[in-house]
Protein chains: 2
Amino acid sequence: MEPVFQNETIKGILSRYRRIWAINHAQSVLGWDMEVNMPKEGILERSVAQGELSVLSQEFILKPDFIELVEKAKGLELNEYERGVVRVLDREIRISKAFPPEFLREVSEVTSQATKAWEEAKKGDDFSKFEPWLDKIIDLAKRAADYLGYEDEPYDALLDLYEEGLRTKEVVGMFDELERELRPLIEKIMEEGKVPREHPLEKEKYEKEQMERVNLWILQKFGFPLGVRSRLDVSAHPFTTEFGIRDVRITTRYEGYDFRRTILSTVHEFGHALYELQQDERFMFSPIAGGVSLGIHESQSRFWENIIGRSKEFAGLIYPVLKENLPFMANYTPEDVYLYFNLVRPDLIRTEADVVTYNLHILLRFKLERMMLNEGVKARDLPELWNEEMERLLGIRPKTYAEGILQDIHWAHGTVGYFPTYSIGTLLAAQYYYHIKRDLNVEELIAQGNFEPIKAWLREKIHRWGSIYPPKELLKKAIGEELDPEYFIRWVKERYL
Amino acid sequence: MEPVFQNETIKGILSRYRRIWAINHAQSVLGWDMEVNMPKEGILERSVAQGELSVLSQEFILKPDFIELVEKAKGLELNEYERGVVRVLDREIRISKAFPPEFLREVSEVTSQATKAWEEAKKGDDFSKFEPWLDKIIDLAKRAADYLGYEDEPYDALLDLYEEGLRTKEVVGMFDELERELRPLIEKIMEEGKVPREHPLEKEKYEKEQMERVNLWILQKFGFPLGVRSRLDVSAHPFTTEFGIRDVRITTRYEGYDFRRTILSTVHEFGHALYELQQDERFMFSPIAGGVSLGIHESQSRFWENIIGRSKEFAGLIYPVLKENLPFMANYTPEDVYLYFNLVRPDLIRTEADVVTYNLHILLRFKLERMMLNEGVKARDLPELWNEEMERLLGIRPKTYAEGILQDIHWAHGTVGYFPTYSIGTLLAAQYYYHIKRDLNVEELIAQGNFEPIKAWLREKIHRWGSIYPPKELLKKAIGEELDPEYFIRWVKERYL
């Protein structure tokens with residue numbers, strides 16, 4: 001294959017970019033090691049190292065001669081790969097330039113203290129400990145939006161950090177449709193009872209080693225290159241990290257019961273990992289290697305988790321290996337596994353939510369975040385707003401802060417504007433499903449354990465393009481359409497009614 | 001405790017040094033991960049990242065304003081900690097300045113290809129594949145010595161890289177004495193037979209899990225802070241790495257038989273790790289945190305391996321846990337374990353050598369390295385020179401290249417002048433033993449499994465001083481003496497005759 005980068009200016013940019021790439025590579029390894037291996041008192045030195053390296057990479061991004069080269073490249077005639085490089089770097093420079101160093105330092109100090117306060121507040125179910133920090137976080141989010149600039153409302157600026165080019169009004173439209181459709185749908189699903197609200201498999205216990213064998217069997221079926229270009233490890237919260245195209249690692253966790261969680265986490269993270277593993281290798285060391293946005297990334301993980309992992313055929317495929325490793329499976333059928341993977345019941349906790357109610361949890365957070373940014377709502381009002389909205393949307397009301405406003409770590413980390421990408425991923429996954437069905441018999445392939453055609457489809461349509469195109473353009477090229485919640489609604493109806 | 005760095009210029013230096021420290025921290029994590037975890041195809045991206053980071057750290061070391069500050073500090077009135085900072089950085093700057101970037105690139109290319117050639121040559125027992133590369137390595141070593149400069153002979157320049165301030169003539173004197181004393185001693189040990197040449201325990205097989213439990217038990221007895229400030233992992237070649245004072249990790253290996261090796265490796269690496277863990281925490285993030293030289297480092301590992309790990313009392317201490325985990329131990333006594341840990345027999349392979357013959361292996365390499373550098377000896381003559389010297393020293397002659405000249409990876413890595421530090425460590429370990437005995441009843445403490453007084457002695461005399469003093473000065477302060485091979489000879493006589 002011919003090299004994708006031909007232009008001399010682009011080559012000059014990329015040769016300078018290599019050290020930024022190397023620092024990012026190191027940062028990923030430091031972060032992965034911290035979650036997976038680090039002895040606990042290593043944290044002090046690790047944090048200092050990470051802080052120094054992030055300042056360093058900022059400095060290189062903002063070097064005048066580097067910026068000048070990128071500016072120069074904007075005026076040149078380039079191929080689509082090269083244009084991608086310029087777009088990604090221009091965006092990175094713009095974002096890096098926007099924030100004064102003092103502001104970044106303030107963010108880092110406030111969020112690190114806010115995270116500790118949040119942990120204590122959650123543990124003691126005492127919102128007052130987190131309240132002043134949440135006000136500071138809201139203030140920082142507003143100032144961040146002001147630094148970045150926006151057209152319609154501050155939320156636009158934050159949203160764009162996580163999902164390039166997405167506008168708040170689009171998200172409002174998306175959630176309006178979801179709310180209108182999902183609330184009656186959930187009621188109907190509950191009434192009809194095609195899927196149950198509970199299943200005895202939720203209570204069955206397992207040993208870590210048993211489910212590790214199952215997860216490894218599944219990953220092998222998926223063709224995950226364990227030991228060659230990837231690993232499966234254990235961490236408190238499952239995640240995926242890429243150190244490049246040839247070293248992409250996922251983690252899972254083993255709680256000892258409710259085995260669905262460890263399987264679906266593993267399958268979910270596999271979806272993220274596949275996106276990174278199936279990049280065009282010619283992009284190596286360049287800023288266009290890697291997934292383009294959080295929403296598109298989440299669409300990959302949700303596709304594997306929801307469309308494949310929760311399908312009837314997948315339950316059938318893994319049933320024998322489950323039976324081989326879990327003695328209690330003798331009392332259950334593949335249909336049990338399927339139903340257990342597809343329970344629907346309103347739950348107070350987002351991370352416990354089923355596929356159908358999940359998006360309403362996101363809607364709630366999106367609504368509250370906008371109120372903080374646009375309407376001057378203060379932290380003290382949020383618990384009540386949260387509880388009311390939860391009751392309105394799902395008919396249940398938190399009795400503690402821990403199962404309400406304090407459940408997520410995101411705000412303590414200063415992450416505002418991030419939640420919508422979870423829903424975007426969920427919706428897109430269903431949208432891909434109806435497109436891929438035009439080309440492939442997905443159900444039959446899952447039943448056969450033949451995932452190669454599905455992987456090839458995803459590679460061709462999405463993965464191989466890395467970050468060349470902004471998310472919306474990528475979608476247009478991949479499926480000829482914009483994000484459309486209609487597909488997800490249709491999928492829910494077909495599966496759960 | 002009051003802070004050790006008071007001078008403003010020093011503080012300025014250290015605040016600039018932080019990013020160099022951070023890059024070193026990252027490099028250590030990347031290196032550790034590569035040996036312990038990395039999926040095999042991750043190597044390409046990992047090497048590029050490591051290369052970029054090492055260029056980066058060189059650049060920071062050689063920044064004119066950084067050098068200027070260090071120069072300025074030389075003229076100031078400083079405390080001993082601050083003087084240590086200046087000495088270490090001045091040395092780093094001097095070494096970094098010495099080598100032109102093209103030379104470093106050449107070294108990195110030649111050694112990476114030489115390593116591949118060495119692997120093939122060793123595998124196929126075909127020296128001709130490595131010969132041209134070894135000539136190139138010799139040439140690079142000579143040029144490195146020229147760049148660094150030296151007084152008496154080129155070997156001085158290389159030796160100093162690994163053992164600050166050590167001169168070739170001192171090493172010559174050391175080995176002359178060792179050769180004179182050890183050769184008759186070995187004959188006598190063989191004749192008297194107080195320790196055997198072979199033991200049936202060498203052939204006993206074990207499962208990894210069994211010896212893992214034994215190793216963890218030993219480390220716990222030693223007070224190794226597993227999970228808090230350290231880890232034990234598995235790698236092809238056992239090693240220790242420090243990411244700072246609070247995260248020091250060791251590895252071991254499990255071959256499935258001859259369990260002495262995994263125990264003594266673990267104990268050896270523990271000795272290295274303890275040196276790093278017992279640093280003065282006020283040195284954190286500074287260039288004086290960490291062991292001062294390879295020889296002093298090796299003296300710590302050898303102290304734990306030879307003096308403690310091979311003692312009769314240690315055999316007695318671990319016998320119950322061995323018996324609990326290894327069914328075959330029922331047929332052996334603690335005395336068997338002691339003898340098995342102390343076999344003496346001439347062996348062709350350095351890494352298999354017993355404590356007594358070990359130094360002659362190093363002497364051989366030292367002699368050959370000097371011949372290459374000073375006498376124009378070429379690679380093609382080396383196998384024969386090796387074999388003759390081996391026969392002369394130990395009365396055995398390699399039949400293959402793999403068990404002769406090709407056995408070590410060091411030269412392929414371009415490491416010339418490094419081997420003597422192994423002997424220095426071995427000799428110093430015995431020297432400490434006679435000093436520590438003046439203060440503590442070492443044997444009784446080992447028998448009791450009470451290692452805290454021994455650790456405290458090592459901390460007070462050596463560990464807490466980090467790299468403040470050059471190795472010779474550190475020794476003077478610690479034990480009031482220079483390195484003296486006499487102690488080792490005495491120890492060998494007392495133990496093996």
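The rules behind these values
- Residues numbered from 1 in each chain as written.
- Chains lettered and ligands numbered in written order.
- Predicted model: local features only at pLDDT ≥ 70, side-chain atom pairs only at ≥ 80, totals over all residues.
- Least-squares fit on C-alpha atoms with pLDDT ≥ 70 in both.
- Contact = placed C-beta atoms within 7 Å.
- Pairing = 2+ DSSP bridges.
- Helix = DSSP H or I, 4+ residues; strand = E, 2+ residues; numbered from the N terminus.
- Axes fitted to C-alpha atoms, helices over the stretch in contact; angles between N-to-C directions.
- Domains from an automatic or database assignment.
- Nonpolar A, V, L, I, M, F, W, Y, C, P; charged D, E, K, R; others polar.
- Expected span 1.5 Å × (residues − 1).
- Buried ≥ 20, exposed ≤ 12 C-beta atoms within 10 Å, placed from the backbone.
- Parallel < 35°, antiparallel > 145°, perpendicular 65-115°, else oblique.
- Left-handed = near helix turned anticlockwise from the far one by under 90°.

Student: So what exactly am I meant to see when it comes to the relation of the copies chain A and chain B here?
Tutor: Relating the two copies of this chain is a rotation about some axis coupled with a shift parallel to it. For the pair chain A and chain B, the best superposition has an RMSD of 0.0 Å and corresponds to a rotation of 180° with a translation of 0.0 Å parallel to the axis. Both chain copies can therefore be described as sitting about a two-fold axis. Rotation axis and chain A: the residue whose C-alpha lies nearest the axis is Ala26 of chain A, separated from it by 3.0 Å. Of the interface residues in chain A, 100% have counterparts in chain B that sit at the interface too, so the contact is made through matching surfaces.

Student: Whenever I open this one, the sheet that holds strand 1 (residues 230–234) of chain B confuses me. Can you help?
Tutor: Adjacent strands of a sheet form backbone hydrogen bonds with each other and so pair up, either parallel or antiparallel. All names here are of chain B. The strand order 1-3-2 describes an open sheet built from 3 strands, whose pairing is mixed. Each edge of the open sheet is held by one strand with a lone partner, namely strand 1 and strand 2 (240–242). Neighbour-to-neighbour, the strand axes of the sheet open up by a mean angle of 20°, direction not taken into account. Two elements, strand 1 and strand 3 (residues 248–252), share 5 bridges in a ladder whose sense is parallel. Bridge pairing in strand 3 places Arg231 opposite Arg249. Running at roughly 170° to strand 3, helix 10 (residues 260–277) makes contact with strand 1, strand 2 and strand 3 of the sheet.

Student: Looking at this structure, I do not really get the domain arrangement of chain A. What am I missing?
Tutor: Interfaces are often described in size by the accessible area the parts lose on coming together. All names here are of chain A. Looking at chain A, the domain boundaries give domain 1 (8–98) and domain 2 (127–199 + 267–497). Its C-alpha centre places domain 1 at a distance of 28 Å from the equivalent point of domain 2. Residue-level contacts link 14 residues of domain 1 with 12 residues of domain 2. Breaking the side of domain 1 that touches domain 2 down by element, the ones donating at least two residues are helix 1 (8–36) and helix 4 (80–98). Counting residues per element, the side of domain 1 that touches domain 2 draws most heavily on helix 4, which supplies 10 residues. Partitioned by chemical class, the residues of the side of domain 1 that touches domain 2 number 9 nonpolar, 1 polar and 4 charged.

Student: Even after reading the chapter, I still don't get unusual backbone geometry, so can you show me in this structure?
Tutor: Most peptide bonds take the trans form, and the phi angle of most residues other than glycine is negative. A positive phi angle is found at Asp125 of chain A, which is not glycine, with a value near 50°. Examined against the element boundaries, Asp125 of chain A turns out to sit in the loop between helix 5 (101–124) and helix 6 (131–148).

Student: How should I be thinking about helix 16 (residues 420–439) of chain A in this particular structure?
Tutor: One full turn of an α-helix is made of 3.6 residues, so residues set three or four places apart face in the same direction. Taking 1.5 Å as the rise per residue, helix 16 of chain A with 20 residues should run 28 Å; its terminal C-alpha atoms sit 29 Å apart, in good agreement. Burial within helix 16 of chain A is extensive, with 15 of its 20 residues counted as buried.

Student: Where do I start with the sheet that holds strand 2 (residues 240–242) of chain A in this structure?
Tutor: Residue and element names in this part refer to chain A. With respect to topology, 3 strands assemble into an open sheet ordered 1-3-2, the strand pairing being mixed. Single-partner strands in this sheet number two, and they are strand 1 (230–234) and strand 2. Taking each pair of neighbouring strands and ignoring which way they run, the sheet shows an average axis angle of 20°. Across the sheet, helix 1 touches strand 1, strand 2 and strand 3 (248–252), and the angle it forms with strand 2 is around 150°. Packed on one face of the sheet, helix 10 (residues 260–277) meets strand 1, strand 2 and strand 3 and runs near 170° to strand 3.

Student: I'm lost on the packing of helix 9 (residues 208–222) of chain B against helix 12 (residues 312–325) of chain B in this one. Help?
Tutor: What describes two packed helices is the angle between their axes and the distance between those same axes. Residues and elements named next belong to chain B. It is at 9 Å that the axes of helix 9 and helix 12 come closest, and there the two elements cross at 155°. As far as their axial angle goes, helix 12 and helix 9 are roughly antiparallel. In this structure, helix 9 crosses over helix 12, and the sense of that crossing is right-handed. In this structure, helix 9 contributes Gln210, Arg213, Val214, Trp217 and Ile218 to the contact, and helix 12 contributes Ile318, Val321, Leu322 and Asn325.

Student: Help me out: how do you make sense of the packing of helix 1 of chain A against helix 1 (residues 8–36) of chain B in this one?
Tutor: Helix 1 of chain B packs onto helix 1 of chain A with a crossing angle of 70° between their chain directions and a minimal axis gap of 10 Å. By the angle class used here, helix 1 of chain A and helix 1 of chain B are roughly perpendicular. In this structure, helix 1 of chain A meets helix 1 of chain B at a crossing whose hand is left-handed. Facing Ala26, Val29, Leu30 and Asp33 of chain A of helix 1 of chain A, the residues of helix 1 of chain B in contact are Ala26, Val29, Leu30 and Asp33 of chain B. Residues that form the contact of helix 1 of chain A with helix 1 of chain B fall into these classes: 6 nonpolar, no polar and 2 charged.

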